[in-house]
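# Commentary on secondary and tertiary structure
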Amino acid sequence: MLRAVKIAVGSSAAIYIAERMGLEYAASAGGIALLTLVTTKWETVKLSVYRLLSFFFTVLLAELTIGQMKSEWIAYGIFMFVVMTVCHALGWQATMSVNSVIGTHFLMTKDFGYYFVINEFLLVVIGIAIAFILNLFYDYKNQKNGLINSMRDTENRLQKILGSLAAYLAGKDIQVNVWEEIRLLECDLDMFIRDACEYQDNTFHSYPGYYIDYFEMRMKQVGILHNLHYEIKKIREIPRQAMIIAEYILYLTPFVVEVNFPDEQISRLERIFSEMKKEPLPVTREEFEGRAVLYHILMDLEEFLIFKKQFVEGLDDKQMERYWNQKKEEWCRSESRLKKWIRK
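Residues numbered from 1 in each chain as written. Predicted model: local features only at pLDDT ≥ 70, side-chain atom pairs only at ≥ 80, totals over all residues. Heavy atoms only, no water.

Our focus in this paragraph is the overall build of the protein. Scanning the protein from terminus to terminus reveals 14 helices and zero strands. For the protein, the sequential pattern of α-helices and β-strands runs α-α-α-α-α-α-α-α-α-α-α-α-α-α. Counting over 344 residues, the protein shows a buried share of 44%. Accessible surface, the protein: about 18400 Å² in total, of which carbon and sulfur atoms supply 59%. (Helix = DSSP H or I, 4+ residues; strand = E, 2+ residues; numbered from the N terminus. Buried < 20%, exposed > 50% of the residue type's maximum accessible area, 1.4 Å probe, protein only. Areas by Shrake-Rupley, 256 points an atom, 1.4 Å probe, with all protein chains shown as cover.)

Here we come to unusual backbone geometry. A positive phi angle, near 55 degrees, is found at Y25, a position not held by glycine. The residue Y25 is located in the loop between helix 1 (2-20) and helix 2 (27-37) in this model.

Before going further, it helps to spend a moment on the nonpolar core. Nonpolar side chains in soluble globular proteins generally cluster together in the buried interior. Core analysis: the biggest nonpolar cluster contains 57 residues, and L169, F215, I297 and L301 have the highest contact counts within it. At the level of secondary structure, the elements contributing two or more residues to this core comprise helix 7 (140-169), helix 8 (178-201), helix 9 (210-233), helix 10 (242-252), helix 11 (263-277), helix 12 (285-313) and helix 13 (317-323). When residues of this core are assigned to their parent elements, the largest contribution, 12 residues, is made by helix 9. Counting residues in each nonpolar core, the second largest holds 34 residues, with A26, A62, M96 and A131 among its members. (Core = buried A, V, L, I, M, F, W, Y, C linked by side-chain atoms within 4.5 Å.)

A few words on the environment of A8. Residue placement: A8 occurs in helix 1. Overall, A8 belongs to the partly exposed group, its relative accessible area being 47%. Expressed as a C-alpha distance, the spacing of A8 and A33, which sit 25 residues apart in the sequence, is 9.6 Å.

Residues F132, I133, L136 and F137 make up a contiguous nonpolar surface patch of about 380 Å² in total accessible area. Looking at where L136 falls in the secondary structure, it is placed in the loop between helix 6 (114-135) and helix 7. Among the residues examined, L136 registers a relative accessible area of 38% and is labelled partly exposed. (Patch = residues over 30% accessible without salt bridge, like charges linked within 9 Å, V, L, I, M, F, W, Y side chains within 5 Å. Salt bridge = Lys/Arg side-chain N within 4 Å of Asp/Glu carboxyl O.)

Going through the model one piece at a time under the given rule, you end up with 17 aromatic pairs. Geometrically, the ring pair formed by F56 and F121 is tilted, given 5.8 Å between the ring centres and 35 degrees between the ring planes. Of this pair, F56 sits in helix 3 (residues 41-65) while F121 sits in helix 6, and the two are 65 residues apart along the sequence. Here the aromatic rings of Y214 and F311 are separated by 5.9 Å at their centres, their planes lie at 75 degrees, and the arrangement is edge-to-face. With Y214 in helix 9 and F311 in helix 12, this pair connects stretches of sequence that are 97 residues apart. (Phe/Tyr/Trp six-rings, centres within 6.5 Å; stacked < 30°, edge-to-face > 60°.)

Listed under "transmembrane region" (unreviewed entry) in the UniProt record, and renumbered for this structure, are residues 21-42, 48-66, 73-92 and 112-138. With 95% helix and 0% strand, residues 48-66 has end C-alpha atoms that lie 25 Å from one another. Strand forms 0% of residues 73-92 and helix 90%; the C-alpha atoms that close the span are 24 Å apart. (UniProt positions renumbered as here; feature names shortened; annotations may be inferred.)

With 14 residues, helix 5 (residues 96-109) should reach 20 Å at 1.5 Å per residue; the first-to-last C-alpha distance of 20 Å fits that figure. Of all the residues in helix 5, the buried ones are M96, V98, N99, S100, I102, G103, H105, F106 and L107. Downstream of helix 5 by a residue or two, K110 has a phi angle that is positive, lying close to 55 degrees. (Expected span 1.5 Å × (residues − 1).)

The next point concerns empty space enclosed by the protein. Inspection of the entire model under this criterion finds one cavity of 30 Å³ or more. The volume enclosed by the largest cavity comes to roughly 60 Å³. Forming the boundary of the largest cavity are R218, Q221, L252, F255, V256, N260, P262, Q265, F304, L305 and K308. The leading source of residues in the lining of the largest cavity is helix 12, at three residues. (1 Å grid on protein atoms, 1.4 Å probe; cavity = no way out; pocket = protein on both sides within 12 Å on 5 of 7 lines; lining within 4 Å. Points joined across faces, edges and corners; volume = space filled by probe spheres on them.)

Opposite charge on two side chains allows them to pair when their charged atoms are near. Here the structure, examined in full by the defined rule, presents eight salt bridges. Put simply, R152 and E155 hold a salt bridge, and the shortest N to O gap is 3.0 Å. Here the residue R152 and the residue E155 both occupy positions in helix 7, the gap between them amounting to three residues, near one helical turn. With a relative accessible area of 30%, R152 lands in the partly exposed category. Residue class for E155 comes out buried when judged on its relative accessible area of 4%. Notably, a salt bridge pairs R152 with E258, separated by 2.7 Å at the nearest N-O pair. You can see R152 sitting in helix 7 and its partner E258 sitting in the loop between helix 10 and helix 11, a full 106 residues away along the chain. Residues joined by salt bridges that share partners form a network here, namely R152, E155, R218 and E258.

Have a look at this one:
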């Protein structure tokens with residue numbers, strides 16, 4: 001809705017200003033504003049620069065083709081071919097629509113004089129200036145709240161999936177289709193990442209990339225849950241040691257939240273690895289296969305935690321202070337004290 005309002009207001013405002021300035025083809029200013037408003041804030045800045053740079057090339061090319069050749073359709077065809085080729089090579093595809101409009105103006109008037117070139121330049125400037133101003137008005141708060149709600153939703157769903165996997169390892173019947181839950185969460189995370197990218201491109205605030213990194217980290221964890229669920233399903237006869245892992249997963253579940261450094265959970269997992277090595281060797285083939293699968297599950301859980309650890313370690317001081325309300329140095333010291341206390 002906000003974008004529709006901005007496009008309507010921006011296009012009409014650009015036309016009004018162009019008409020008040022007495023410019024020819026004033027309606028084109030509205031089209032330029034529209035084409036620029038559909039982009040994000042950072043894209044608007046980049047696109048505005050590209051349009052200004054490509055404008056001068058477009059004028060020169062129009063003079064060399066449309067201004068010199070007798071056949072209008074051949075001249076315009078060559079003009080468009082070169083414009084498209086150069087813009088594509090430079091990655092300026094978004095400027096081609098405006099350049100083609102400018103070309104048609106030169107085609108209709110055959111005027112390459114100073115005043116008409118300035119006329120065309122002002123149409124471009126008015127269109128991108130209106131778009132830039134209106135794109136400053138952006139609903140940051142609602143989109144940020146939406147991202148935070150998506151983070152909480154992701155954490156809740158991850159916890160439920162882990163709970164279902166723990167129940168299965170404990171030999172309980174589960175009523176949830178875990179495959180479907182994982183697949184749906186994966187699809188939603190794709191959407192959350194796109195939302196986070198759009199938020200980053202629409203804000204000049206510092207460190208908006210935090211949300212992208214967060215959702216990409218959760219996407220990696222969901223991939224681990226895919227593997228973990230597959231490993232669990234391969235167990236023909238659930239070993240008694242599976243209960244230890246089920247209890248660990250239940251212990252881990254409440255820690256699948258944003259503000260948590262998983263060192264303690266990794267330490268406890270390492271102790272389980274050590275205890276599993278002390279277990280008597282399997283006797284039957286089924287016991288051996290089941291024990292091997294349990295080791296794979298433990299390795300999957302370790303990788304699940306390492307992805308979160310890497311995410312936290314990748315945060316700098318500003319991000320820790322902004323999003324976790326803590327300074328990184330203080331957080332690291334408290335984590336160090338916690339590790340010493342655990343060892344004792």
